[in-house]
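One-letter residues, chain by chain:
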Amino acid sequence: MIRTALATISALLLLALPAEAADDGIAAPTLRANVTVTSDVVRVGDLIDNAGSAALVPVYRSPDLGTTGALPVAQVLGVLRAKQVIGVMTGDIKEVQVTRLARTLANKDLENAVASALERRFGLGDAANITVTFDRGVSDMRLDASNTGTLQPVATRYDARSGRFDIAFEINNDNNPTPTKLRFTGTAIETVEVAVLTRDIDRSDMLKASDISLERRPKAEVAGEPASRDRTIGMQLRRPMRAGTPIRVADIVKPDFVQRDQSVTIIYEVPGLYLTTRGKAIESGAEGDTVSVLNLQSKRTLTGVVTGRGQVTVQGASQSAPMAPAVEQTSSLKRDEAPAPVDTAALVRSLVQAPAAPAQAAQAHIAQAQIPQARVSQAPAKSE
C-alpha cells in the first residue's frame, strides 16, 4: 500500500511539472524571494523558476507603479496550488517581495519639457529663464516602465498676455505601437535674475554685500537691463529705494567721492611740481568726474578731476583764471626748436595768489608801459 501511494504521488508531481522537466530531469520549480514586474499583473513565471507551460498564468494584481508589496509564502503556495502548480521548492523563504518597475518623471523634468517646448517662441526667451507653474500642482509622475521614449510636444498653445499654456506630449511605448499621451496646462512666465534690495536704501548710502540678494523676477517687472550683484556692490542709487525693489543698471551710479560744498584737498600737478591746498567743491562728483572747486586762498575757481574721497586734482593750466602765456599753436618755431619752458613760478602764483584789484592792475600796466623796451641788434663782426 505504501509503495503504491508513493508511486501515485510521484506520478502526480511529474504531471504538474513541465514536460521538459520530466523528460530532461530539470530541477523542481523554485520560489523566488524578490520579484520585479513591468506589467499590471504577476504571473506564475514571475514567482517561480522552471514554471514551464504555467509561466504565463496570472495569479496576482501588481503593486502600484514604483512600489513594492510583500506576499507570505503560504499564501503564494495556496494560489499556485489553485492553478495546479505544486511541488514548489521554497527553501527558507518567509515572504516574497514583489516590485513593480516604473518610469518616474520628476516635476522638474516636466517643467523643463514645457519650457523647452516654449523656448524662443511666442516672444519668450531661453528655456532656462522660463518659470513654469502647473494647474492642480502636478507632482512627480510614474509611468509604466515600457514608456521609454522622450517627451515629444505634439500640440502647443500659449497666450502671451496671460502666460497660459496648453501642451500635449507623446511618449513611445515599447509594448504598444500607440504612444502614451500626456497633457499639461498652467502658466509660463519669462523671468530674469536681478539684484534686489534687502533693506531701505537712501541716495547717499553705498551698497554693501548684505544689502543685496539675488532673486528671479518676471521680466515685465524689470523695465530695462537688470543689475547683477557684483555690479551693484560699492555703488550708490540715483534715488532712495525700498527693500524688495529690483535694481536696474540705470538705477545705480558710482559713489560721490566729492559732495557739493564739501571741503576738499586740491592737488595741482605739472611736470616737476606737486602742490596741495584747501578748497570747497562747487558741485558733486564721482571718481573720474570733472568738477569745479573754489581755491579758498586765492578765491579762484578751478576745474579738476575727482581722484579720491575729498580730493580733486588739477593738471596743467585747467583753472578758469588767466594763466601765464604759453607758446601758441601758430608759433613759427622750427621743427628742430624746442618750445619755451613753462613758467612754473607764474603757474604757482596764479593758483595760490588772489587776483589783483583792478586799480593795482592798471597801475602795473602803466608802469610797465613807461619802461622803454631794449632792442638788441646783432651786427656782423669785423674781419681783421
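Everything below is about the structure printed above this text.
Described in the following lines is the structure provided in the data block. (Residues numbered from 1 in each chain as written. Predicted model: local features only at pLDDT ≥ 70, side-chain atom pairs only at ≥ 80, totals over all residues. Heavy atoms only, no water.)

## Overview of the overall build of the chain
Along its length, the chain carries eight helices and 23 strands. Per-residue burial for the chain yields a buried fraction of 31% across its 384 residues. Contacts in the chain between residues at least 24 apart in sequence constitute 53% of all its contacts with a sequence separation of at least 6. If you sum the accessible surface of the chain, you get close to 24100 Å²; carbon and sulfur atoms cover 52% of it. (Helix = DSSP H or I, 4+ residues; strand = E, 2+ residues; numbered from the N terminus. Buried < 20%, exposed > 50% of the residue type's maximum accessible area, 1.4 Å probe, protein only. Contact = heavy atoms within 4.5 Å. Areas by Shrake-Rupley, 256 points an atom, 1.4 Å probe, with all protein chains shown as cover.)

## What to know about the layout of surface pockets
Here the second largest pocket is characterised by a volume of approximately 170 Å³. Forming the walls of the second largest pocket are 13 residues, and the residues nearest its centre are Lys-108, Asn-112, Ala-127, Ala-128 and Ile-130. Among the elements that make up the lining of the second largest pocket, the one with the highest residue count is helix H5 (residues 107-118) (five residues). Here the lining of the second largest pocket is built from residues that sort into five nonpolar, five polar and three charged. (1 Å grid on protein atoms, 1.4 Å probe; cavity = no way out; pocket = protein on both sides within 12 Å on 5 of 7 lines; lining within 4 Å. Points joined across faces, edges and corners; volume = space filled by probe spheres on them. Nonpolar A, V, L, I, M, F, W, Y, C, P; charged D, E, K, R; others polar.)

## A word on the pattern of salt bridges
Summed over all chains, the structure comprises 19 salt bridges. Between Asp-144 and Arg-100 there is a salt bridge; the shortest N-O distance is 3.6 Å. Residue Asp-144 is found in strand S10 (residues 141-144), and its partner Arg-100 is found in strand S7 (residues 95-100); the two are separated by 44 residues along the sequence. Judged by relative accessible area, which is 13%, Arg-100 ranks as buried. (Salt bridge = Lys/Arg side-chain N within 4 Å of Asp/Glu carboxyl O.)

## Focus: H5
For H5, which comprises twelve residues, the first-to-last C-alpha distance of 17 Å matches the rise-based estimate of 16 Å (1.5 Å per residue) to within 8%. By the burial criterion, the buried members of H5 are Leu-110, Glu-111, Ala-113, Val-114, Ala-115, Ala-117 and Leu-118. Following H5 by one or two positions, Arg-120 adopts a phi angle in the positive range, close to 55°. (Expected span 1.5 Å × (residues − 1).)

## Quick word on the sheet that holds strand S2 (residues 34-37)
With mixed pairing, three strands are arranged side by side in an open sheet as S2-S7-S6. On the outer flanks of this sheet lie S2 and strand S6 (68-72), each paired with one strand and no other. The sheet shows a mean angle of 25° between the axes of neighbouring strands, taken without regard to direction. Here S6 pairs with S7 via five bridges, running antiparallel. Within S7, the residue paired with Thr-68 across the bridge is Thr-99. The strands that helix H4 (residues 73-82) touches are S6 and S7; relative to S6, the one it contacts most, it runs at about 75°. (Pairing = 2+ DSSP bridges. Axes fitted to C-alpha atoms, helices over the stretch in contact; angles between N-to-C directions.)

## Regarding the environment of Asp-205
Of note, Asp-205 is situated in the loop between strand S13 (176-197) and strand S14 (212-218). With 31 residues separating them along the chain, Asp-205 and Gln-236 place their C-alpha atoms 6.2 Å apart. Dropping the residues within four chain positions of it, Asp-205 is found in contact with Arg-199, Met-235 and Gln-236. In terms of polar contacts, Asp-205 uses its side chain to reach the backbone amide nitrogen of Asp-202, at 3.1 Å. (Polar contact = N/O pair within 3.5 Å; in protein donor to acceptor, adjacent residues only side chain to side chain.)

## Concerning the sheet that holds strand S23 (residues 311-315)
As summarised here, the arrangement of the five strands in space is S18-S19-S21-S22-S23, forming a closed barrel in which the pairing is mixed. For this sheet the average axis-to-axis angle between neighbouring strands, irrespective of direction, equals 50°. Relative to strand S22 (residues 301-308), strand S21 (residues 290-295) runs antiparallel, the two being bridged by five bridges. Considered in S22, the bridge of Val-293 is made with Leu-302.

## A closer look at the nonpolar core
Judged by nonpolar contacts, the single largest core of 22 residues is most densely connected at Val-114, Leu-118, Val-132, Leu-151, Phe-165, Phe-169 and Leu-182. Residue assignment for this core shows that the elements contributing at least two residues are H5, strand S9 (130-134), strand S12 (164-173) and S13. When residues in this core are grouped by element, the largest group, six residues, is from H5. Dropping the residues within four chain positions of it, Val-114 is found in contact with Val-132, Phe-134, Phe-165, Ile-167 and Phe-169. By size, the runner-up hydrophobic cluster in this structure holds 20 residues, among which are Tyr-60, Ile-93, Val-96 and Val-98. (Core = buried A, V, L, I, M, F, W, Y, C linked by side-chain atoms within 4.5 Å.)

## A closer look at the packing of aromatic side chains
Throughout the structure, instances matching the rule amount to four aromatic pairs. When the ring of Phe-122 is compared with that of Tyr-158, the centres are 5.6 Å apart and the planes differ by 45°; the resulting orientation is tilted. Separated by 36 residues along the polypeptide, Phe-122 in the loop between H5 and S9 and Tyr-158 in strand S11 (residues 152-159) bring together distant segments of the chain. Among the residues examined, Tyr-158 registers a relative accessible area of 15% and is labelled buried. Measuring from ring centre to ring centre gives 5.4 Å for Phe-134 and Phe-184, while their planes differ by 50°; the resulting arrangement is tilted. Of the two residues, Phe-134 is situated in strand S9 and Phe-184 in strand S13; the sequence distance between them amounts to 50 residues. In this pair, the class of Phe-134 matches that of Phe-184, namely buried. These aromatic residues form a ring-pair network of at least three members: Phe-134, Phe-165, Phe-169 and Phe-184. (Phe/Tyr/Trp six-rings, centres within 6.5 Å; stacked < 30°, edge-to-face > 60°.)

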